[in-house]
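Breakdown of the fold
Here are the chains, one letter per residue:
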Amino acid sequence: MAKVWCVFKRELAAYLCTPLTYVVMAVFLALAGYFFSAILFALQVADLRPFFENIGYVFLLLAPVLTMRLWSEEDARGTSELLLTAPVSITQIVLGKYLAVLIIYLILLGLTLVYPGILFSLGRPDPGPILAGYLGFALMGAAFLAVGLFSSAVTCSQVIAGILGFGILLFFWFLDWLSDPALGRIGEILAALSLVGAFADFQKGVIDTRNLLLYTSFIIAFLFLTVQVVKRRAYT
Amino acid sequence: MTSGSRTRIWRRPAFQRGSSTLVLTVAVISLLILVNVLGARYHRRADWTRGRTNTLADQTISILQKLDRDVQIMAFFQKGSYQASQMRDLLMEYKSTSAHIRVVFIDPEKNPSLAKLHDLIELGTIVMVMGNKSRRIGPYNLYDMGSVPSQRPFRGEQALTRSLVELLGLGQAAVYFLQGHGEPDIWGDYSILNSFLEGEGFTTKALNLPTEEEVPLDAGVVVIGGLKRDISAGERQELESYLDRAGKLIVLAGPTAKAQQLGELDSLLNRYGVALADDLVVEPERSYFFDVLSPMPKVRDHDITRKLVDNNLAVVLPQARSLMVAWNTPSGLVLDSLLDTSEKAWGEKDWEVHSRVQKGPEDTPGPLTLAVAVSREAAAASLDDKNAGAGKQSPQRLAVIFGNSSFVDNKTISFQGNVNLLVNAVEWLLGNEAIISIRAREPQLTPVRLNTGQAIRIFYGTVVIMPLVLASIGVVVWLRRRLL
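Definitions and limits used
Residues numbered from 1 in each chain as written. Chains lettered and ligands numbered in written order. Predicted model: local features only at pLDDT ≥ 70, side-chain atom pairs only at ≥ 80, totals over all residues. Heavy atoms only, no water. Helix = DSSP H or I, 4+ residues; strand = E, 2+ residues; numbered from the N terminus. Rg over C-alpha atoms; globule rule 2.2 N^0.38 Å. Buried < 20%, exposed > 50% of the residue type's maximum accessible area, 1.4 Å probe, protein only. Contact = heavy atoms within 4.5 Å. Areas by Shrake-Rupley, 256 points an atom, 1.4 Å probe, with all protein chains shown as cover. Lys, Arg positive; Asp, Glu negative; His and termini not counted. Charge placed at Lys NZ, Arg CZ, Asp CG, Glu CD. Disulfide = S-S within 2.5 Å. Pairing = 2+ DSSP bridges. Core = buried A, V, L, I, M, F, W, Y, C linked by side-chain atoms within 4.5 Å. Axes fitted to C-alpha atoms, helices over the stretch in contact; angles between N-to-C directions. Parallel < 35°, antiparallel > 145°, perpendicular 65-115°, else oblique. Nonpolar A, V, L, I, M, F, W, Y, C, P; charged D, E, K, R; others polar. Salt bridge = Lys/Arg side-chain N within 4 Å of Asp/Glu carboxyl O. Buried area = accessible area lost by both parts, 1.4 Å probe. pLDDT = per-residue confidence, 0-100. Expected span 1.5 Å × (residues − 1). Patch = residues over 30% accessible without salt bridge, like charges linked within 9 Å, V, L, I, M, F, W, Y side chains within 5 Å.

**Regarding the overall build of chain A**
When helices and strands are tallied, chain A shows 12 helices and 1 strand. Starting at the N terminus and ending at the C terminus, chain A contains elements arranged as α-α-α-α-α-α-α-α-α-α-α-β-α. In terms of overall dimensions, chain A is globule-like: its C-alpha atoms have a radius of gyration of 19 Å, near the 18 Å expected for 236 residues. Seen through its C-alpha atoms, chain A measures out along the principal axes to roughly 55 × 45 × 30 Å. Here chain A holds 236 residues, and the buried ones make up 55% of them. Counted over contacts in chain A with a minimum sequence separation of 6, partners at least 24 positions apart contribute 76%. Total accessible area on chain A stands at roughly 9500 Å², and carbon and sulfur atoms take up 73% of it. Where the 14 positive side-chain charges of chain A centre and where its 13 negative ones centre are 9 Å apart.

The structure is reproduced here in structure tokens:
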């Protein structure tokens, strides 16, 4: 764990010293604030559910931007050989990098807690769906970041990493549309893999162990795949 | 080239590394899939909402656990509508509880062929199909009464569960409509009422007494509605036998021509201390758009009418007759008036003779009773009874009699509280033990009132100031890097 911690600190410092991080956070907060206030003014109800629905799409676009530099920048700077030959395993490197970007994401999510604070100052919203919504959004975002990390490991180009990550996330996001009568059971199975489908329960205040398991599985799967991709690069 | 200098492909390090990576990847992904499949089968759900609005009632869970065949539920809703999201939330709970529930949302505008296939008339309709049986739930069955549509309690769970009960053949009691005397047809003038009752989970059937030996045993309620000719003596006897074995009766009796007296029906109603007055109600004070022959009576508080009273809903009874009620009947019957006219109303006796109604000395003065509920008090527990603490038993509910039959025909049924009045009467007669009754879900969204100052502060604070602070930090970081 100490080695993971070292990698984590290094990556976190890199994020906090990179202007891009603050640009992404500012853009996210601007869009999130706009959605929150527009929905509040239009619906005049103390409910964050429409906000969560919309902000999910925004993070779908921003997650690849946050993660595209994780491996690609190492290649661009020529530090990847140094990192891979350091006395730390590839798994530990991947975990350290992932935790760093996850903390950045959780800080960003923490800043949006202003919105439920505003709702509580104006009325009596139901805290259950808000708590569940944030838990779901944290898990969903963590899954997005794992996909983004994998995309960054696959290619040396940050742009391609960003586009690839966005494409993979979009595919898993829109699997929900496959619950079409014509596709039958296959459609149902594919729809069950949808990231947006799993988020729907959290939004309405329901915690289902299936959804917790789905997001956790996504994170484990893509972190595992990232380790395999980096190992392959190390040997070639 | 000799075999010694050519390494077999499967012995090459790159191949071995690649194949072991592939095997490991397949194993890990397969394990994750297996864990998720098991997790889907043995999952737990926790409802964190105030009021547990996402938790199904025990009755629903019990019914869902009895399902042994797939039930396809097609929900015809406009995509993105609030009603669609409410119904989706509910149907996802049903789906989570039973693997036999299949849910499909269809936007009729995007799938007109599917909508046509199911004879879809209105948005917000649910069609449930199990094998070769199907049930339809209309949009009016999904919401309780209320003047503000967005604040109406949502009754979707009750509607869905009742329909499941019918599909499974577990049966709520059937509602039989007497036929053969010129009554409106349940597939004709009473078709909307029929659809509404079916949407509430009741099975409706036509009853032609001359062809039946007796009133069917599954009859929960018999409705005698809109007779144009009297029943026969034999039919009256069959109905009396049915009522003697705790049958329930609803009578919808509007005015009939003097040549068509309803003497046998009157005899039947005499057991309840009620008689049909031979008149036509004229209501100059409380009438529908000044039509004095369409009274809008006062709704009295009763279990049947409570929701109408609470929601300030009126009823209109075009062409009504008054009821003569023996209020102090000694037979232990309890008679409760449900609908009364004003004092200025009267019962016009010779309405067939004159073209204009005018109060005469022979006419019955108001206030007049237009609907009455009949029950019988059960005997109270005696003081030396061992179970003295049990208290009084529930009254036995017997009949609801209306002096009008047109308030639930297709032309008038959609007026305010008309359909709910009759459906409530059916539910009251059958009692909670015989039917599924699930609490409606109240809207959980708390409204927020913003003044201009608050709105401006919220907007600039969240959209401008917070992002600007972060952007400023980014600029500082960038400047520091440039200066280093």
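After that view of the structure, there is still more to cover.
**What about the state of the cysteines?**
Inspection of every chain in the model, using the stated rule, returns 0 disulfides over all chains. The thiol of C6 of chain A is not disulfide-bonded; the next cysteine sulfur, from C17 of chain A, is found 17 Å away.

**Remarks on the sheet that holds strand β18 (residues 364-365) of chain B**
Backbone hydrogen bonds hold the strands of a sheet together, and the pairing may be parallel or antiparallel. Residue and element names in this part refer to chain B. The strand order β11-β17-β18 describes an open sheet built from 3 strands, whose pairing is antiparallel. Of all the strands in the sheet, the pair left with one neighbour each is β11 (280-282) and β18. Direction of pairing for strand β17 (residues 346-348) relative to β18: antiparallel, over a ladder of 2 bridges. Residue pairing in the sheet places W346 in a bridge with P365 of β18.

**Thoughts on the nonpolar core**
Core analysis: the largest hydrophobic core is formed by 84 residues, its most contacted members being F59, Y98 and F137 of chain A. Here this core gets 16 residues from one element, more than from any other, and that element is helix α8 (residues 127-154) of chain A. When near neighbours in sequence (up to four residues on either side) are disregarded, Y98 of chain A contacts A142, A143, L145, A146, L149, I219 and L223 of chain A. Membership of the second largest hydrophobic core comes to 39 residues, among which are Y190, L193, A373 and F402 of chain B.

**Concerning the packing of helix α7 (residues 114-122) of chain A against helix α11 (residues 452-483) of chain B**
At a minimum axis distance of 12 Å, the contact between α7 of chain A and α11 of chain B shows a crossing angle of 170 degrees. On the basis of the axis angle, α7 of chain A is roughly antiparallel to α11 of chain B. When α7 of chain A is examined against α11 of chain B, the residues V114, Y115, I118 and L122 of chain A are found in contact with a partner set consisting of Q454, I458, T462 and M466 of chain B. Grouping the constituent residues of the contact of α7 of chain A with α11 of chain B by class yields 6 nonpolar, 2 polar and no charged.

**Observations regarding the pattern of salt bridges**
Within this structure, the stated rule accounts for 23 salt bridges over all chains. Here R45 of chain B makes a salt bridge to E93 of chain B, at a shortest N to O gap of 2.7 Å. In this pair, R45 of chain B sits in strand β1 (residues 45-47) while E93 of chain B sits in helix α3 (residues 82-97), placing the two residues 48 residues apart along the sequence. We note a salt bridge from R236 of chain B to E264 of chain B, for which the minimum N-O separation is 2.4 Å. Taken together, the residues R236 of chain B in helix α7 (residues 233-244) and E264 of chain B in helix α8 (residues 263-270) connect sequence positions 28 residues apart. Given the relative accessible area of 17%, R236 of chain B is considered buried. One connected set of salt bridges, linked through shared partners, spans D201, K204, D208 and R210 of chain A together with R45 and E93 of chain B.

**A closer look at the interface of chain A and chain B**
Each partner contributes residues to the interface: chain A has 55 residues there, and chain B has 47 residues. Both faces considered, chain A and chain B share a buried interface measuring about 4600 Å² in area, 64% of it formed by carbon and sulfur atoms. Joining chain A to chain B, the criterion identifies 4 salt bridges. Taking the shortest distance from any N to any O, the salt bridge between R45 of chain B and D201 of chain A comes out at 3.1 Å. Elements with a minimum of two residues in the side of chain A that touches chain B: α2 (19-43), α7, α8, α10 (184-192), β1 (206-208) and α12 (209-235) of chain A. Top element by residues in the side of chain A that touches chain B is α2 of chain A. It accounts for 12 residues. Among the residues making up the side of chain A that touches chain B, the classes are represented as 35 nonpolar, 9 polar and 11 charged. In this sheet, β1 of chain B lies alongside β1 of chain A in antiparallel orientation, the contact comprising 3 bridges. Bridge pairing in β1 of chain B links D208 of chain A to R45 of chain B.

**Here's the deal with the environment of F172 of chain A**
Residue and element names in this part refer to chain A. With respect to the helices and strands, F172 occurs in helix α9 (residues 158-174). Owing to a relative accessible area of 16%, F172 belongs among the buried residues under this scheme. Separated by 22 residues in sequence, F172 and S194 place their C-alpha atoms 5.2 Å apart. Every residue in contact with F172, bar those within four places of it in the chain, is listed here: L193, S194, L195, F218 and F222.

**Focus on the sheet that holds strand β5 (residues 133-137) of chain B**
Residues and elements named next belong to chain B. With mixed pairing, the 4 strands of this open sheet are ordered in space as β3-β2-β4-β5. At either end of the open sheet lies a strand with only one pairing partner, and these are β3 (101-106) and β5. Within the sheet, the average angular offset between the axes of one strand and its neighbour, ignoring direction, is 15 degrees. The sheet contact formed by strand β2 (residues 71-76) and β3 spans 6 bridges and is parallel. By the bridge assignment, V71 is partnered in β3 with I101.

**Concerning the confidence of the model for chain B**
Atom-level detail of predicted coordinates should not be read off regions where pLDDT is low. All names here are of chain B. Here chain B averages 83 in pLDDT, and 88% of its residues register 70 or above. By mean pLDDT, helix α4 (residues 112-117) is the weakest element of chain B at 76, and strand β9 (residues 248-252) is the strongest at 95. Confidence over residues 1-5 falls short of pLDDT 50; this stretch has 1 contact with residues more than four positions distant or in other chains. Both scores are available for the predicted complex, with the pTM at 0.71 and the ipTM at 0.84.

**Regarding α3 of chain B**
The end-to-end C-alpha separation of α3 of chain B is 23 Å, in line with the 22 Å expected for 16 residues at 1.5 Å each. Of all the residues in α3 of chain B, the buried ones are A84, Q86, M87, D89, L90, L91, E93, Y94 and S96 of chain B.

**Section: a nonpolar patch on the surface**
Among the surface-exposed residues, I456, Y460, V464, I465, L468, V469 and I473 of chain B lie close enough to one another that they form a single nonpolar patch of about 610 Å² accessible area. Residue placement: Y460 of chain B occurs in helix α11.

**Some points on the pairing of strand β7 (residues 203-207) of chain B**
Note that strand β6 (residues 174-178) of chain B and β7 of chain B share 5 bridges and pair parallel. Opposite Y176 of chain B, over in β7 of chain B, you have K205 of chain B as the bridge partner.

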